[in-house]
Amino acid sequence: MSLLPGVRKRGFWLYLIPGLVLFTIIILVPLVWNIYLSFTSYRGIRPPEWIGLDNWVKLMGDDKFWVSFQNSVAMIVAMVVVPTLLGLVLAALLFDLVGKKFGGKFASFLRATYYLPQILPVAIAAIVIGWILRPENGALNTVLDAVGLGALQHNWLGSPDTALLSVMVVMVWVQIGYPVVIFMAALQRVDPELYEAAELDGANWFQRFTAITVSIIRPEIYVVVLTATIAALKVFGPIYALTRGGPGDSTIVPSYYSYSEFFQSQQVGYGATIATALTVVIVVLTIIFILAQNRSERLENER
Amino acid sequence: MLKPHRQKPRRTVGDWILLIAVVLVAALIAVPFLIILVNSFKSPTDYANGGPLSLPSSIYTDGIANFWQRVNFPEKLWNSFFISGTVAVFAVIVSVFNAYAIGIGRVKGRVWVLVLFMIANTLPQEAMLYPLYFMFKQVGLYDNVWSVIIIFTVVQSAFGTYLLSAVFGTFPKEIIEAASLDGASRWQILRRVVVPISRPTLSVLLIFFFIWTWNEFLIPLTFLVSNANQTVPVAITALQGDRLMDVTTTSASALLGLIPTLIFFLIFQRTLTRGITAGSTK
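Residues numbered from 1 in each chain as written. Chains lettered and ligands numbered in written order. Predicted model: local features only at pLDDT ≥ 70, side-chain atom pairs only at ≥ 80, totals over all residues. Heavy atoms only, no water.

If you look chain B up in an unreviewed UniProt entry, it shows as Carbohydrate ABC transporter membrane protein 2, CUT1 family from Agreia pratensis. UniProt lists a comment for chain B under the heading Subcellular location (unreviewed entry), and it reads "Cell membrane". In the Sequence similarities (unreviewed entry) part of its UniProt record, chain B is described as follows: "Belongs to the binding-protein-dependent transport system permease family." (UniProt positions renumbered as here; feature names shortened; annotations may be inferred.)

The name that an unreviewed UniProt entry assigns to chain A is Carbohydrate ABC transporter membrane protein 1, CUT1 family, with the source organism given as Agreia pratensis. Within the UniProt record for chain A, the comment given under Sequence similarities (unreviewed entry) is "Belongs to the binding-protein-dependent transport system permease family." We quote the UniProt Subcellular location (unreviewed entry) comment for chain A here in full: "Cell membrane".

Put into structure tokens, the structure is as follows:
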């Protein structure tokens, strides 16, 4: 039943037509087309030529592709693991300690500061840190020199040993505010009496934190981990702005790899294969997360 | 520690140490902004002499002015503003129509439509990129801001539909029934009842769509190749590593890139924090 008595439901379809038509043209058709292209050899000029699984076979043996996924794991560490763990502690401290003993205003101010990098276009955020890491006369190198640590000066983004690590630092900086804001909102659900009871039972801060806080805000932890993991797998802007995947392939990620196959190497079929593989990974991960979340909610309810 | 109302909070030494720790983290996050701010107002010589941490010996605005003219910054601001504003309005309209059919009309197959939109939210843009590039070239909209506007209207409305359908699903039934009994048509109910009542949610969506579109990178980079069409993030990124950019001009470029979003943040801070947290429990 529609919410309108006496009004035929079918008429509502009219309102869905513009949205669905647009969606089909802009999302569905290109998506299917891209999957089709992954089975072709296509250089963008003459029509695509069907080559079956050749691209996929090549992909499985392509070291550069596997490196790009390894780097995605590094992005997950920088954008999911570190920010979520740090975010839990920071949110709990801001909420419990700063908010209650030093004033809610001050806690909100700190929260806004943590969130600041999140509002920037991510390519600009990367450029801000990239400027500090400049090889010649960069701020970090100059400061190191000034404090007598000149030996530690380094071409942070330009040498293979530190480039990935530098990008990871950028991403931690960008990402840290997101879990803090969400967890702080979630903490408002926690009943203070639970803490008092636990305190009376002799539980220390860490025990209360793991047993009460973490278990109550678990839904938000799932949301943060899922959305941040998807974002980590999609990282493109910072790589494009800072390293273009280099030096060598040391910071290449799947999205940049497919972009460069599309528009630099003109290997459109192979680029489509990489993009399709990335899509499959993201969709599978999303499904696993949602199933895991439902399962943990069920277990929680059964207790 | 958790009895704020009953007694004046007692601050122990441990509390102060933890406070210093969280403030230090905040400082660490804020420092890059301050460094960029300070160095954008220095001349290259001033930078070479005083280093990155000193205050400018005199206020030097040539770096900012040079970069401003070099990229024709007002043009880029207008492009970003036009694209993001148009997308925000169109995407809200499309989302409202979709959600009206799904949340209030409860059309058949609505669950599938919602699942479709939800999956679309997680897809990487690379998976549509080349076909879109090909399609827009064919219809002559490549290197035209409208290509980006059309794409993001669809991308943002996928999220908007998802969120608004849930909101409309809980719409007070009596109000719609009353309007319907008064003889209002479907269109009138949408225009005169549903939209006015859900205006707060719609304005949050509008702001979000605007900022998200402003911050987009991959698709504007691919579709807006000529200088005159570029958005702020793309134009600034394109000039990084340019030989004509000295060290403080580069800093100025980063400053110009972050100022617009900082302004949005200051204006919409409350709406944003409310929106982020509302989105998290969807």
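This is not the end of the story, as more comes after the structure.
## Considerations on the overall build of chain A
Scanning chain A from N- to C-terminus turns up 14 helices and two strands. For 303 residues, the compact-globule formula gives about 19 Å, and the C-alpha radius of gyration of chain A, at 24 Å, lies well above that figure. Along the three orthogonal principal directions, the C-alpha set of chain A runs to about 80 × 75 × 30 Å. Here the contacts in chain A between residues at least 6 apart in sequence split such that 66% fall between residues at least 24 apart. (Helix = DSSP H or I, 4+ residues; strand = E, 2+ residues; numbered from the N terminus. Rg over C-alpha atoms; globule rule 2.2 N^0.38 Å. Contact = heavy atoms within 4.5 Å.)

## Notes on the overall build of chain B
When you go through chain B residue by residue, the secondary structure sums to 13 helices and zero strands. Along its sequence from the N terminus, chain B presents helices and strands in the succession α-α-α-α-α-α-α-α-α-α-α-α-α. Relative to its length of 282 residues, chain B is extended, with a C-alpha radius of gyration of 24 Å against a globular reference of 19 Å. Overall size of chain B, expressed as C-alpha extent along the three principal axes, is 75 × 70 × 30 Å. For chain B, the distance from the average position of its 21 positive side-chain charges to the average position of its 12 negative side-chain charges is 14 Å. (Lys, Arg positive; Asp, Glu negative; His and termini not counted. Charge placed at Lys NZ, Arg CZ, Asp CG, Glu CD.)

## Here we look at the UniProt feature "transmembrane region" (unreviewed entry) in chain A
All names here are of chain A. Those residues carrying the UniProt feature "transmembrane region" (unreviewed entry) are residues 12-33, 73-95, 115-133, 163-187, 221-241 and 268-292 in this numbering. Overall, residues 12-33 shows 95% helix and 0% strand. The separation of its end C-alpha atoms is 30 Å. The annotated region residues 73-95 carries 100% helix and 0% strand content, and the separation between its end C-alpha atoms amounts to 31 Å.

## Structural notes on the nonpolar core
Core analysis: the largest hydrophobic core is formed by 180 residues, its most contacted members being A:M75, A:V98, A:W173, B:V22 and B:F223. Top contributing element to this core by residue count: helix 3 (residues 63-102) of chain A, with 16 residues. When near neighbours in sequence (up to four residues on either side) are disregarded, A:V98 contacts A:L93, A:G103, A:F106, A:A107, A:L110, B:L19 and B:V22. (Core = buried A, V, L, I, M, F, W, Y, C linked by side-chain atoms within 4.5 Å. Buried < 20%, exposed > 50% of the residue type's maximum accessible area, 1.4 Å probe, protein only.)

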